[in-house]
Structure formats: C-alpha cells, structure tokens
There are 2 protein chains.
Amino acid sequence: MFLKNLEYLEDYVSGTKGDDTFIRLSSNENNYGPSPKVIEVIKNLSNLTYKYPDSSYSELKNILANLNEVDKNNIILGNGTDEIFFYLFLMYLNTNSSILTIEKTFTYYRILANIAGAKVIEAKRGENFSISCKNIIDSLNPSVRIVIFPSPDNPTGAIIKRECIEKILNSIPKDTIFILDEAYFHFVPKELYWNSIDLIKNYDNFIVTRTFSKFYALAGIRLGYGICSEKVSKLYEKIRMPFNISLIASEAGKTAIFENEYYSNILVRILKDKKLLMEKLKNIGFEVLEESYGNFVFIKAPENLGNKLFERKIVIRDLKSFNYEPGYFRITVGKTEENEALIKAIMEIV
Amino acid sequence: MFLKNLEYLEDYVSGTKGDDTFIRLSSNENNYGPSPKVIEVIKNLSNLTYKYPDSSYSELKNILANLNEVDKNNIILGNGTDEIFFYLFLMYLNTNSSILTIEKTFTYYRILANIAGAKVIEAKRGENFSISCKNIIDSLNPSVRIVIFPSPDNPTGAIIKRECIEKILNSIPKDTIFILDEAYFHFVPKELYWNSIDLIKNYDNFIVTRTFSKFYALAGIRLGYGICSEKVSKLYEKIRMPFNISLIASEAGKTAIFENEYYSNILVRILKDKKLLMEKLKNIGFEVLEESYGNFVFIKAPENLGNKLFERKIVIRDLKSFNYEPGYFRITVGKTEENEALIKAIMEIV
C-alpha cells in the first residue's frame, strides 16, 4: 500500500503559465506549433473521437521502429514520457531500493521514486553544471535499481558523452536499468550528436526515452516513447493501460514523424535565435551557460527577474523548484518576435 | 518490485475491431459521435496542441463539481477511468491484500489487481446474472482493501440498488474503499435511476467513477473522472501524473457536459432502438437478458454468431474473454441503420 509514502510527498511544481495573453517561455514548448499537416489530421479526427484507439498501437510502433532502425518490439509508448517513467519505476523499485540521478535536474524522477517508496541518490554535478560521469559511477551502490537522467539535461542543457553511457552500463548490475531521457535530443547540433540507440542491442537494461512534447510541438496531446530491449518492452506491455495513448495522440504522432521539412526549418530558426538570445543576455550582463544544448538557455541573473518579467506578461522558469540558488532561470527559446519582446522587457528592467 | 507478478500476468483482451469498413458493435461506443460543438472545439484546438495543459485542471474540475453538486476537491480525473482504477489500486493494495468484485464482469479490475500483486475474490452472481448483494457481503474478508464492480454491469447491464450499496459500505472497514464504476449510468431509465453521489458525504471510502467514453462519445480522447471524499482526492493528487489529461480531452470534456440537447436526443434514440433490437433478437430465438440497462444487449445465441457476423463485417463482443460459456455475446446498440444491418445479417445466418 502506497498510502504511507504519499502523505509526506512533495508536489510537482509545473512552470507558471499566466493566461493566454502571456508569452510562455517557461515550459520548453515549441511555440511555432505543430506542422499544418498535423493540424489537419487532428481536425479530421475530431468527429471520430467516439472510437477507442487500436490498443496494440501497431502502426505507430512500426513507424517509430523504422525511424529508429529497431524492431517494433523495441518500442514502448506512454501518455507523455512521464507515464513511461511511472511504469518503469513501478516495475523496478520497491521500498528497499533506490534510483540514482544527478542533482538539480528534472524534479519528476524524484517525485516518482518517492511515490514508489524508494530512495533517491543524487550524484554531484561536475564543473559548470556538467553531468559528471565519475560522480555518477562513484554514487552507485547495491540498492540502485534505476539510473536516470536527461541528456541534454533539464534545466542546464548539458550533454553526456557516449563513453560515459558505456561506462555506466558496464558498472551496473544486469537487473538495474539505465534510462536516458532524451526529451531534447533534436536540438543537439550535428557535430556533437551521437546515436544512443545502438547500445540497446548490447545492453538489454538500457532504455532511451523521447517525447513529442518539445521538438514536435505536441505537449498538449501527451505522447512519449521509449526504445528498449524486448525483455523490457514485454513486461511494459503487461503493466500499461490498454488505451493509454489517445486516438489523436497516436495519429498526430504518426504524421509528425514525416514532417521533416517543416520541423527542420523551425529547428534552424530556433538554434539561430538561441545563439542571438545568448549573446544579448550576455551583453546585458547575465551569466549564460555556453555548453547548453536544449531549446532553452540557462542563466544567472538578478533574483527578481522572473517576477519583473511576469509583471510584463512574460513567463520564464525560476529554478528554485529545481533546488538552485535564487537567481537561476531557464528560458525557452520562443518565436523570433517573442525572444525580441523578452530582450526588450529585460532592457527595461535592468 | 512488480516484475515478479508481471511475468505470469494475463493480457487484457480488447474488443475485436475489424478495419474501418466494419460496423463496430463490440466496445459500447456511442456511434453517433460527439456533438457538433465538441467537434468544433477539437478543431479549434488543433494548432494549440504545442501547449501543456494547466496541470491543476481547475476549470474542468469546477464544471464537473457543479454538475454533480459537490466541491472541486471531490473530483479526480483520469486518462480514462482505467487510470483512476490504476492509481487507486496502487494506493490501496499490496501483496497481502485482495480486491472483491463480482464474477464474469469487466476484466480490467482483475488485471490491475494482479499487477499490484493482490488477490482477486469474485462474488457469485444472483439469479439471471444479477449483482447479488448477499453474495458480495458474504465474500468479504479482512484482506479485502477494495470492493469494485460496475452498475450498470458490464457485460450484463444489471444494476444494483441503493440499499445494497449502503449495506456494503456498512460492512467494510473504513480503510477499505468501495469503487462503484458507473460508466453506463446515463443509460439507466429515469424510473430506475437513483443518485449515488450523496453517499460520498457520509462515507469517505466511497468512490463513484464515470467516463466520457460511452454516453459522451469520446472514447478516443481518454477522459474519466471520479467523485470521492477529499481524503481520497488529496492522496490521488499526489500520485497522478501532472499532465495526465490531454489539452484536447480537458477542453472537449468541458464542452460536452453542456451539450444536453444533443446528447439527450441521442439517448432517446438509443433507448428506443435498444428496445426494438431486443425484441427482434428474441423473435429470432435468442435468449435476451431483459433486466439490462446499458447501451448494449446481453444475449445467448449459437456459438458461431460472432464469427459469422465478422465475415459480414459486423463485430460484436464474444464474452468468452469475460469467462462466459461459449454462446454469450454483448452487442452495442449502434446507429439505427447499423442495428438494422445487424438484424439483417443475423437473419441471413440463422
């Protein structure tokens, strides 16, 4: 019975949103929205929503399998990657076990571990908020059943090297799983990108998760997926709800995958605007983390920046809820005009 | 760790669907589809799906609270009622506990109990597949932490009386919850309907669940809700994922609630067509359960009826997966012309 753990549980704090008149730069959404074809698919489905989806989700799985050059049985689906973490945590944790993550990262791992009644071990970061391979491996102990962290990291945008992934995989027992949360991998520049998927062939305890919420601009429909060994997916299929993915999520996901032109044009724009934004923030005098590869920037600024911007109807993410000292913020790279409005507002404040 | 239970777990068998050219009478969907205004809302949201929903879902909760004359804190939301059951089972069960349900009913309760590693006790039905109050109370034992069954029942359509609910509530300990699954309550004729909600005020372990999948014709968007005490909802809020309901589900749900004219016209038609369908099936020579109050009929017919209809591109639900003897079927009341096509096809077969 989980009731015992639950009463003392901290709440998840989501990004403040403001109403619809606000510029939202707090949740790393892709403010350009989904492609016209995805929008059309959703419209066309609007009168078919009386039907249950196909509970096997075979077509969507096949498409994701082809995209990632794996088999259909290597794909698991979730109502957002949140649900994938939820199920995997239930499968692998008990009250005598722990998860190992890094400090000051995406808070939901910690919350989920607490729901399962497990302990949370947080490896210290390296220099400049980097993900330290050594600190992760040094933090391992026999109670660890799940290693999990994002790359690019949320909120710093730090990325991990392939050697480090292999070192961790070689350091953990076979019944401990390693979940690499790649929610932001689309935003990593080509010259720094390496493909994590082929490691799944050699390590059946390795799981990579990806989401339609960020790059594909579909946070509101809730769709995430994981790539893993058949050993893991077989158990996952036993625990997941038969209709965990909505009809609209399933069809929008199938369509988005093929909209390369639309999404790569937007990607180019976001990465260009991000560079510009980082420069301007530096010129204003804020500390800006350079080695940061999401669709967001990580800065140190005066503590009241978030409140002052909120007054001007712009929301950014204050990182106090991620356990950072006051003054650290994560800012989504929005549309070009939104970024310009942000800079203009900051100039008025400082 | 749940892995131990999972390996031996049975799979959930969902209704066979056939492709889009089939007449679907297997999953109790409302084949008339959602109201024009709900369709419009979904269309209008199609380009806003890049946004995360408001994780508090306050507006939807307020609307559901008003509808049911309870407080916002008496409402819990799920990605389908499946998710509500999932969370409640995790909260209240462990490997030493049991759920108590009735035999030959909705199979997902049993599957979820098995996922949690708990035992399943099934009370025998009464005469004519009815829900037997006495048998339920006689089946209680100290290991029971959850009592759960549907009314109207799936697949028989049997309903339970208010006195029986109270008897059960007075027979169980305060830390055992009683979930009444009212997925089909909209279809109960006025003269037989009684409101279960006010019992929540006196019993903080009583939970009523309802869904947008049947009456509101929104199975594909995944939205269910529960009405319960603040004691339960407070814990539920700790365990549920922050964005478990999609933006589209949340907005479509808010709209559907107010579309009384559209949905009551359809209800009249479905109930009229159901009566006609029952008569015709009886005339054909099938046994038809009379005391049955869902948007479906429960019949005994030749064993090969399902296969023969499938050849004619009509799917109905064979109840072998619900543990019935061969020859029992559940048939959704579809659109008028679909029901006519069904009767025509049956006439060709028998």
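What you see is a predicted model; the values in this text were computed from it and never measured. (Residues numbered from 1 in each chain as written. Chains lettered and ligands numbered in written order. Predicted model: local features only at pLDDT ≥ 70, side-chain atom pairs only at ≥ 80, totals over all residues. Heavy atoms only, no water.)

### Notes on the domain arrangement of chain A
Residues and elements named next belong to chain A.
- One can read the domain layout of chain A as domain 1 (4-33 + 260-349) and domain 2 (48-257).
- With centres defined by C-alpha atoms, the gap from domain 1 to domain 2 works out at 24 Å.
- Facing 30 residues of domain 1, the contacting portion of domain 2 comprises 34 residues.
- In total, about 2,800 Å² of surface goes out of reach between domain 1 and domain 2, with carbon and sulfur atoms giving 63% of it.
- For the pair domain 1 and domain 2, the interface holds zero salt bridges. (Domains from an automatic or database assignment. Contact = heavy atoms within 4.5 Å. Buried area = accessible area lost by both parts, 1.4 Å probe. Salt bridge = Lys/Arg side-chain N within 4 Å of Asp/Glu carboxyl O.)

### Observations concerning the sheet that holds strand 11 (residues 314-318) of chain B
Residue and element names in this part refer to chain B.
- Spatially, 1-11-12-10-9 is the arrangement adopted by the five strands of the open sheet, whose pairing is mixed. The sheet is open, and its two edges are formed by strand 1 (23-25) and strand 9 (287-288), each paired on a single side.
- When strand 11 meets strand 12 (residues 328-332), the two strands line up antiparallel, connected through two bridges. Across the sheet, the residue bridging to Asp318 is Phe329, located in strand 12.
- Its contacts with the sheet place helix 11 (residues 260-284) against strand 9, strand 10 (296-300) and strand 12, and it is angled at close to 10° to strand 10. (Pairing = 2+ DSSP bridges. Helix = DSSP H or I, 4+ residues; strand = E, 2+ residues; numbered from the N terminus. Axes fitted to C-alpha atoms, helices over the stretch in contact; angles between N-to-C directions.)

### Observations regarding the interface of chain A and chain B
- Each partner contributes to the interface: chain A provides 61 residues, whereas chain B provides 61 residues.
- Taken together, the two surfaces of chain A and chain B that pack against each other cover about 5,600 Å², and 63% of this comes from carbon and sulfur.
- Remark: the boundary between chain A and chain B carries two salt bridges.
- Measuring nitrogen to oxygen at the nearest pair gives 3.6 Å for the salt bridge that ties Asp20 of chain A to Lys51 of chain B.
- Across the chain A-chain B interface, the total number found is 20 residue pairs in polar contact (both at pLDDT 80 or more).
- Of all elements in the fold, only helix 1 (3-6), helix 2 (36-45), helix 4 (81-92), helix 5 (108-115), helix 9 (230-239) and helix 10 (247-256) of chain A reach the threshold of two or more residues within the side of chain A that touches chain B.
- Examining the composition of the side of chain A that touches chain B, we find that seven residues originate from one element, helix 4 of chain A, more than from any other.
- Split into classes, the residues belonging to the side of chain A that touches chain B amount to 32 nonpolar, 15 polar and 14 charged. (Polar contact = N/O pair within 3.5 Å; in protein donor to acceptor, adjacent residues only side chain to side chain. Nonpolar A, V, L, I, M, F, W, Y, C, P; charged D, E, K, R; others polar.)

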